[in-house]
Amino acid sequence: MRIALRVVVFLVGAWLAGSIAVAQTSSHAVDAEGHQWWQHAVFYEIYPRSFADSNNDGIGDLKGIASKLDYLEDLGVDAIWITPCFPSPQVDFGYDVSDYENIDPMYGTLADFDLLANEAKKRGIHIILDFVVNHTSDQHKWFLDSKSSSTSAHRDWYVWRDGKGPGEPPNNWVSTFGGSAWKFDPVTNQYYYHYFYAEQPDLNWRNPAVAGAMFDVTRWWYKRGVAGFRLDAVDTLFEDPDLRDNPILRPGTNHFGDPIEQDKFNTKLPEVHEVLRGLCKVADKSNAVLIGETWTADVAELNRYYGEGSNELQLPMDFLFTMVNKLSPAEFRKQIAAVNGASGWPTFVISNHDIVRSYDRYGDGEHNDQIAKLMAALYLTLRGTPIMYYGEEIGMKTTPPTRREDVKDPIGRTGWPEEKGRDGERTPMQWDGSENAGFSKGTPWLPVPATSKTHNVADEAKDPNSVLEFYKKVLKLRHANLALLEGNYAAVNESDANVLSYVRMYRDRGVVVALNMSNAPQKVTLELKATGFASAKSLLATGESGAKGNEVSLEPYGVFIGQLAK
Ligand code: NOJ
Ligand code: CA
């Protein structure tokens, strides 16, 4: 049903333009606006351990994901990004890969992957895998060979250096997961470098053999039908060849007890961009998309990740958006405007497996469901590609462990109690109100939060006012409405301190979105003069919110999305 609707939208767009345009830089199909598939797609991140467990061992798996494809299709998802499901000792829950071209037995087999890919394809859902480019597991055959002797074939595939002196690492760099970033290996009396855990040695991207092997990995998966990759930790690919010490930002220590450093000489080196251009060239041959885990400080940095004409990352994630940690129209306005002025297509994220869920970040403890709907209405109606995180659509809450001995994420143990780790945002998906929330009949690898009784798919699907039903409605609108799919973005009523309002316009069509970020009712007189429109008629609104002419009334945290008329 939804697919048919999308085809109609595409054809209408093409008809309006007179013909189907073709991108100048490649032969990929584009619509009347020159947009490629991933610009209209809604992406959905799945943490496979926690999504659905088909064999009841307490850990989610690929068959589990396959069993939920109908749910994802019905929700309005066009692409799933599966975080690493490759063989791994699971020190960092898959971000320590020991074989890039296989599936970890705990998640299934390559045959299960093929089945999942086929079933997804039938539903028009693309599969994006997570490519851990900066490091491998210390159990990867490349590293096992590398550490075996200083003359081994893979020695130079990793970053090995002599210490400064006895017991002294080569420089002051600290791992982002705590402790020195260097680990001494007595076999060859040298240190190897690891930006993350010691079990995640950094690859030496200055070695062309590394680049060759890693590019081949992507080719291998493209042949298996993968539609793109989310590239892990791209900031960290290169290190200063002279290993200069990082500057100390201020006295004191971080929550791991390490000095507070600026990662000046081990992140965001210009050489990263050459690798991205290479990966992009390979991806382009398969019409694939590259999403970047890009922790940018400003839009200038974001632009560098797009490259020239998006010849690096098509979708570098805008984490600055996730840093607007309060419901502030002024702050969101500023950030949205900045990203709209960037050189590539915006990508919006509000939650993922490394950060506190949006439900808690924005929730006030009293109106969390309304606020969850407000946030959905915001980032799913902006110009750009949204990446959802599993469970966000039912209002899942961050549930961190309360005792150190229950922590699974290693940084939660080393950093306890200040750093509780990331278990809280990785709890099992809440499918129903039963004991293990329908995730597994076995004991789930992380406890199921008590909120599964009130926030779960089965119950919310029956409640027209649930967070889930609101997500479905916004996503349906987003896929069907040309102004939301293709339109530009213009802020309106920019001096309003409580309500964030903007217009999306495509040719003679316009949609207005008004979001009340306060806990009091608000009235807004839409300033539409510059848009050529005069009034708005409701397409989707929460509770009592609505419009008469250009007067919008919003309940506390209310949402109004309206079709504009002249
Ligand atoms: C970023 C991933 O999102 C995170 O989960 C992981 O721990 C690090 N990269 C290291 O791969
Ligand atoms: Ca399982």
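Anyway, here's the lowdown on the structure attached to this text. (Residues numbered from 1 in each chain as written. Chains lettered and ligands numbered in written order. Predicted model: local features only at pLDDT ≥ 70, side-chain atom pairs only at ≥ 80, totals over all residues. Heavy atoms only, no water.)

1. Thoughts on the coordination of the calcium ion (ligand 2)
Taken together, D53 (OD), N55 (OD1), D57 (OD), I59 (O) and D61 (OD) make up the full set of protein donors to the calcium ion (ligand 2), lying 2.2 to 2.3 Å away. One chain supplies every donor for the calcium ion (ligand 2), spaced along it as D-x1-N-x1-D-x1-I-x1-D. (Donors = N, O, S within 2.8 Å, 3.2 Å for Na, K, Ca; no water.)

2. A short note on the packing of helix α13 (residues 368–379) against helix α16 (residues 467–480)
One can describe the packing of α13 onto α16 by two numbers: an axis separation of 10 Å at closest approach and a directional angle of 15°. When the axes of α13 and α16 are compared, the pair comes out roughly parallel. Viewed along their axes, α13 and α16 form a crossing whose handedness is right-handed. From α13, D369, A372, K373, A376, A377 and Y379 reach across to α16, where they touch V467, F470, Y471 and V474. Residue composition of the contact of α13 with α16, grouped by class: 8 nonpolar, no polar and 2 charged. (Axes fitted to C-alpha atoms, helices over the stretch in contact; angles between N-to-C directions. Helix = DSSP H or I, 4+ residues; strand = E, 2+ residues; numbered from the N terminus. Parallel < 35°, antiparallel > 145°, perpendicular 65-115°, else oblique. Left-handed = near helix turned anticlockwise from the far one by under 90°. Contact = heavy atoms within 4.5 Å. Nonpolar A, V, L, I, M, F, W, Y, C, P; charged D, E, K, R; others polar.)

3. Structural notes on the side chain of R155
Within the secondary structure layout, R155 lies in the loop between α6 (141–148) and β4 (160–161). Buried charge without a salt bridge: R155, with D185 as the nearest opposite-charge side chain at an N-O distance of 5.3 Å. Of the polar contacts made by the side chain of R155, one reaches the side chain of Q190; its length is 2.8 Å. Leaving out residues up to four positions away in the same chain, R155 has contacts with S146, K147, S149, S150, W160, T188 and Q190. (Buried < 20%, exposed > 50% of the residue type's maximum accessible area, 1.4 Å probe, protein only. Lys, Arg positive; Asp, Glu negative; His and termini not counted. Salt bridge = Lys/Arg side-chain N within 4 Å of Asp/Glu carboxyl O. Polar contact = N/O pair within 3.5 Å; in protein donor to acceptor, adjacent residues only side chain to side chain.)

4. Quick notes on empty space enclosed by the protein
With the rule as written, the count across this model stands at 1 cavity of 30 Å³ or more. Taken as a whole, the largest cavity spans an internal volume of roughly 70 Å³. Taken together, I350, S358, Y359, Y362, G363, N368, I371, A372, M375, E392 and Y471 form the lining of the largest cavity. Elements represented by at least two residues in the lining of the largest cavity include exactly α12 (358–362) and α13. The element best represented in the lining of the largest cavity is α13, accounting for 4 residues. The class makeup of the residues in the lining of the largest cavity is 7 nonpolar, 3 polar and 1 charged. (1 Å grid on protein atoms, 1.4 Å probe; cavity = no way out; pocket = protein on both sides within 12 Å on 5 of 7 lines; lining within 4 Å. Points joined across faces, edges and corners; volume = space filled by probe spheres on them.)

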